[in-house]
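Fold and contact review
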Amino acid sequence: MKKTVTRLADGRELLYYDSRDDVVRDAVDRRPLEAIATTSEVRHDPLLGDAVAVASHRQGRTYHPPVGECPLCPSREGRLSEIPDSDYDVVVFENRFPSLTGEDGRCEVVCFTPDHDACFAALTEEQAALVLDAWTDRTAELAERPQVRQVFCFENRGTEIGVTLGHPHGQIYAYPFVTPRTALMQRSVAAHRAATGRNLFDDIVASELESAARVVLEGEHWVAFVPYAAHWPYEVHLYPRRRVPDLRALDGAARTEFPQVYLELLRRFDRIFGADQPPTPYIAAWHQAPFNGGAHDVGAHDGGTRDERGEREDFALHLELFTIRRTPGKLKFLAGSESGMSVFINDVPPEAAARRLREVASE
């Protein structure tokens, strides 16, 4: 992988990730852009203990632009975009309309391919491997920033999810705090360790493999299953068999196998509801261990305090893939119980979802 770092006309950082070492990226952003003015602010809810990002400038972000004016396609003669070059493999750049900025974090856009009409499932294994390399590199670099506590790589796909740009892309959020969902996981893991002396993530994966009722597919280095208490109609969790805290810690064998397993999962998602249905909307979310201040605060010389290192080592990197479509033409809406009380009601039994995802395996 070759990485080329440059700047856009308004000063935002842009990074090219190329599979070939001989590629030269010297195109200049010729757009007359003014410096970005943002109003991002993180506010903490004293009652719930969580955080809310207030970002009023996002009201003006690009929304379903006309065909031919996609800002994520390569620049062409007479049409300049966010990517100055006329072609690319994978590109990452600072979001022009970020939810988090400055001391409140950082938001980046990841363009998976220059092909506007493609999708992640249509990538080759080589292309998917390059995206994994980009996610890993960004995680490593953002982890070194003093304000960053957690890095979240994710993809929203489909207008039903709320995607405003049709080009295949994802995002990376660098949070200045540990997210509420991750904090809940950490508490459960700590309680399980105190009660049993074992790792909760390991026990969950072992239990799913033993039962096999909800296992979707297995590789030599990865396993995918529908969780016992799945929140969403079709939800799959993908774990490396060797527990690691984040993308940086994946070994070569796991990195090599990942594209095969992940692309197969995405292709199955598009076959859940039948060939006559539109592409399945989904969210794909990487869960990585927070940095717990170990890289920045007291104890930085040895990677953090013993408790911090143990907490990171107890966390398991995994990807959660789910769709809000519950049946052809019908979506799962978060109504009273889900939105008001955070108690999910799932219309599809997890065992039935797993069975369907096994049925639509590639031949």
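An account of the accompanying structure is given in this report. Everything numeric in this text was worked out from a predicted model, so none of it was measured. (Residues numbered from 1 in each chain as written. Predicted model: local features only at pLDDT ≥ 70, side-chain atom pairs only at ≥ 80, totals over all residues. Heavy atoms only, no water.)

1. Describing the overall build of the protein chain
A count of helices and strands for the protein chain gives 7 helices and 15 strands. Here the C-alpha radius of gyration of the protein chain, 21 Å, is about what a compact globule of 363 residues would show, namely 21 Å. Here the C-alpha coordinates of the protein chain stretch approximately 60 × 55 × 45 Å along the principal axes. Of all 363 residues assigned to the protein chain, the portion counted as buried reaches 50%. Sequence separation of 24 or more characterises 65% of the internal contacts of the protein chain that already satisfy a separation of 6 or more. Working note: accessible area of the protein chain is about 17200 Å², and carbon and sulfur atoms make up 51% of it. On the protein chain, the mean spot of the 42 positive side-chain charges and the mean spot of the 57 negative ones are 2 Å from each other. (Helix = DSSP H or I, 4+ residues; strand = E, 2+ residues; numbered from the N terminus. Rg over C-alpha atoms; globule rule 2.2 N^0.38 Å. Buried < 20%, exposed > 50% of the residue type's maximum accessible area, 1.4 Å probe, protein only. Contact = heavy atoms within 4.5 Å. Areas by Shrake-Rupley, 256 points an atom, 1.4 Å probe, with all protein chains shown as cover. Lys, Arg positive; Asp, Glu negative; His and termini not counted. Charge placed at Lys NZ, Arg CZ, Asp CG, Glu CD.)

2. Structural notes on the sheet that holds strand 12 (residues 282–287)
Spatially, 11 strands are ordered 1-2-5-6-8-7-12-13-11-10-9 in an open sheet, and the strand pairing comes out antiparallel. Each of the sheet's edge strands pairs with one partner strand only, and the pair in question is strand 1 (2–7) and strand 9 (215–218). Taking the axes of each pair of neighbouring strands and ignoring which way they run, one obtains an average angle of 20° across the sheet. The pairing of strand 6 (residues 106–111) with strand 8 (residues 169–175) spans 6 bridges and is classified as antiparallel. By the bridge assignment, Glu108 is partnered in strand 8 with Ile172. Running at roughly 125° to strand 13 (residues 318–323), helix 2 (residues 180–196) makes contact with strand 7 (150–157), strand 12 and strand 13 of the sheet. Packed onto the sheet, helix 3 (residues 200–211) meets strand 9, strand 10 (222–225), strand 11 (234–240) and strand 13 and runs at close to 70° relative to strand 10. (Pairing = 2+ DSSP bridges. Axes fitted to C-alpha atoms, helices over the stretch in contact; angles between N-to-C directions.)

3. Quick word on the side chain of Thr182
With respect to the helices and strands, Thr182 occurs in helix 2. A relative accessible area of 1% means that Thr182 is categorised as buried. With near-sequence residues (within four places) excluded, Thr182 lies in contact with Gln150, Pro290 and Phe315.

4. Observations concerning the layout of surface pockets
In this model, the second largest pocket occupies a volume close to 500 Å³. Surrounding the second largest pocket, 30 residues form its lining, His116, Leu165, Gly166, His167 and Pro168 being those nearest its centre. With 3 residues, the single largest contributor to the lining of the second largest pocket is strand 7. (1 Å grid on protein atoms, 1.4 Å probe; cavity = no way out; pocket = protein on both sides within 12 Å on 5 of 7 lines; lining within 4 Å. Points joined across faces, edges and corners; volume = space filled by probe spheres on them.)

5. Quick word on helix 2
Residue pairs spaced three or four apart in an α-helix point in one direction, given the helix's 3.6 residues per turn. Across its 17 residues, helix 2 extends 24 Å between first and last C-alpha, which sits within 8% of the 24 Å expected from 1.5 Å per residue. The set of residues buried in helix 2 consists of Thr182, Ala183, Met185, Gln186, Val189 and His192. Just past helix 2, the residue Gly197 takes up positive phi, approximately 80°. (Expected span 1.5 Å × (residues − 1).)

6. Points about unusual backbone geometry
At Ala212, a residue that is not glycine, the phi angle is positive and equals roughly 70°. Secondary-structure assignment places Ala212 in the loop between helix 3 and strand 9. The exposure class of Ala212 is partly exposed, given its relative accessible area of 40%. Positioned with a positive phi, Ser342 is a non-glycine residue whose angle comes to about 60°. Within the element layout of this structure, Ser342 appears in the loop between helix 6 (336–341) and helix 7 (350–359).

7. Here we look at the packing of helix 2 against helix 3
Interaxial distance between helix 2 and helix 3 falls to 8 Å at its minimum, and their mutual angle equals 85°. In terms of axis orientation, helix 2 runs roughly perpendicular to helix 3. Touching Met185, Ser188, Val189 and His192 of helix 2 are Leu200, Phe201 and Asp203, all from helix 3. Grouping the constituent residues of the contact of helix 2 with helix 3 by class yields 4 nonpolar, 2 polar and 1 charged. (Parallel < 35°, antiparallel > 145°, perpendicular 65-115°, else oblique. Nonpolar A, V, L, I, M, F, W, Y, C, P; charged D, E, K, R; others polar.)

8. Notes on the packing of aromatic side chains
Aromatic ring pairs are reported here in terms of the distance separating the ring centres and the angle at which the planes meet. Following the criterion strictly, the structure yields 20 aromatic pairs and no others. Taking the centre distance of 6.4 Å and the plane angle of 85° together, the rings of Phe112 and Trp135 count as edge-to-face. Note that Phe112 is positioned in the loop between strand 6 and helix 1 (125–143) and Trp135 in helix 1, a separation of 23 residues in sequence. Both residues of the pair, Phe112 and Trp135, belong to the buried class. Taken together, Phe112, Phe120, Trp135, Trp222, Phe258, Tyr262 and Trp286 form an aromatic cluster joined through their ring pairs. (Phe/Tyr/Trp six-rings, centres within 6.5 Å; stacked < 30°, edge-to-face > 60°.)

Without other data, these values stay purely geometric and don't point to any function.
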